[in-house]
Amino acid sequence: MTLALVGLLGGLGAAARFWADGWVRARWTTRLPWSTIGINVLGSLVIGVLAGLLAGGAIPTNVYTVAATGFCGGFTTFSTATVETVRLAQQGAYERAAVNAFGTLVLTVVAATLGYALGTAIGS
Amino acid sequence: MSRHPHAMPALVALVAVGGACGSIARYGVSHALPAQDGLPVGTLVENVVGAFLLGFLLEALLRAGTEDDRRRALRLGLGTGFLGGFTTYSALALEIHGLWGDGRIGLALAYGLGSVVLGTAAATGGILLGARRSRRVPDPHDAGPER
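Residues numbered from 1 in each chain as written. Chains lettered and ligands numbered in written order. Predicted model: local features only at pLDDT ≥ 70, side-chain atom pairs only at ≥ 80, totals over all residues.

What follows covers the overall build of chain B. A tally of helices and strands in chain B yields 5 helices and 0 strands. Scanning chain B from its N terminus toward the C terminus, one meets helices and strands in the order α-α-α-α-α. Taken over 147 residues, chain B has a buried fraction of 46%. Within chain B, contacts between residues separated by at least 24 positions form 75% of all contacts whose residues are at least 6 apart in sequence. (Helix = DSSP H or I, 4+ residues; strand = E, 2+ residues; numbered from the N terminus. Buried ≥ 20, exposed ≤ 12 C-beta atoms within 10 Å, placed from the backbone. Contact = placed C-beta atoms within 7 Å.)

Rendered as structure tokens:
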């Protein structure tokens, strides 16, 4: 049951990512892939909140697994972010490639940390 | 003027099906490869393998020529959907947060930086392999700075 729901929510997460990315790209052309960065930061914030809620006992483990592993996992993507980094480097934009790679890492960890603090505050 | 792909229900559904399969595969790999001494091996493997495969897929499709319906379905279903859903940034970020919170700063840094470096190397390898096995092989720089 959990596996099926992870698949369902993972599919919804991927569809939401596709839609959000397309929505942003249809409106703005940016020098950094901000839509992927934003998606990964937002998904990391949400998984942090979920982990905080789980730690505080506000949600059961199976709800956490489905929402975190399913939705957040399907919504965020490491592969696209990484290929976008390589594409920037291929264009000779090495600084932007490095900013994309390490900036995304730092921002997502900060987002997960803030989300966790928020989740424990809500859940307690 | 054609509609944007993200506004086409059939393509959104294709990404969703791919994402569902990728997420289930990720769930399975994470269970098969539990953390080793705190290092989240499952997520690391998923992300590095997924980055390699996406680099390969996108480059091979790019070099196959103008994108037709079949190639677009492959790119969106397998790439955006399956590999996008198979890999994850949220778990990576949360695991780094967890290691950091446990005082395992060195492992948190090694895991985070290692994921980015290995992932980038894997995506580069995938792109090079995707370019090499393609029959029509233009200079990789021909794709130009505008792509």
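It is worth spelling out the interface of chain A and chain B at this point. The interface of chain A with chain B comprises 48 residues on the first partner and 45 residues on the second. Every element with two or more residues in the side of chain A that touches chain B is listed here: helix H1 (2-27), helix H2 (34-55), helix H3 (61-75), helix H4 (78-90) and helix H5 (94-123) of chain A. When its residues are assigned to classes, the side of chain A that touches chain B shows 24 nonpolar, 23 polar and 1 charged. (Nonpolar A, V, L, I, M, F, W, Y, C, P; charged D, E, K, R; others polar.)

Within the secondary structure, Ser23 of chain B sits in helix H1 (residues 9-32). Sequence-wise, Ser23 of chain B and Leu11 of chain B are 12 residues apart; in three dimensions their C-alpha atoms are separated by 18 Å. For Ser23 of chain B, the contacting residues outside a window of four places in its chain are Val6, Gly7, Gly10, Gly11, Gly70, Gly73 and Gly74 of chain A together with Gly85 of chain B.

Okay, unusual backbone geometry next. Most peptide bonds are trans, and most residues other than glycine sit at a negative phi. Phi at Asp37 of chain B takes a positive value of approximately 55 degrees, unusual for a residue other than glycine. Residue placement: Asp37 of chain B occurs in the loop between H1 and helix H2 (41-63).

Across its 12 residues, helix H4 (residues 90-101) of chain B extends 16 Å between first and last C-alpha, which sits within 8% of the 16 Å expected from 1.5 Å per residue. Of all 12 residues that make up H4 of chain B, 9 are buried, and the element is covered over most of its length. By the burial criterion, the buried members of H4 of chain B are Ser90, Ala91, Leu92, Ala93, Leu94, Glu95, Ile96, His97 and Leu99 of chain B. Lining the buried residues of H4 of chain B we find H2, H3, H4 and H5 of chain A together with H2 and helix H5 (105-132) of chain B. Gly103 of chain B occupies a position one or two residues after H4 of chain B and carries a positive phi of about 85 degrees. (Expected span 1.5 Å × (residues − 1).)

With that settled, the discussion passes to the packing of H3 of chain A against H1 of chain B. It is at 10 Å that the axes of H3 of chain A and H1 of chain B come closest, and there the two elements cross at 120 degrees. In this view, H3 of chain A runs oblique relative to H1 of chain B, as classed from their interaxial angle. The interaxial crossing formed by H3 of chain A with H1 of chain B has right-handed handedness. Here Thr69, Gly70, Gly73 and Gly74 of chain A of H3 of chain A come into contact with H1 of chain B, specifically with Gly19, Ser23, Arg26 and Tyr27 of chain B. A per-class count over the contact of H3 of chain A with H1 of chain B returns 1 nonpolar, 6 polar and 1 charged. (Axes fitted to C-alpha atoms, helices over the stretch in contact; angles between N-to-C directions. Parallel < 35°, antiparallel > 145°, perpendicular 65-115°, else oblique. Left-handed = near helix turned anticlockwise from the far one by under 90°.)

Everything listed is a geometric property; what it means functionally is a separate question.
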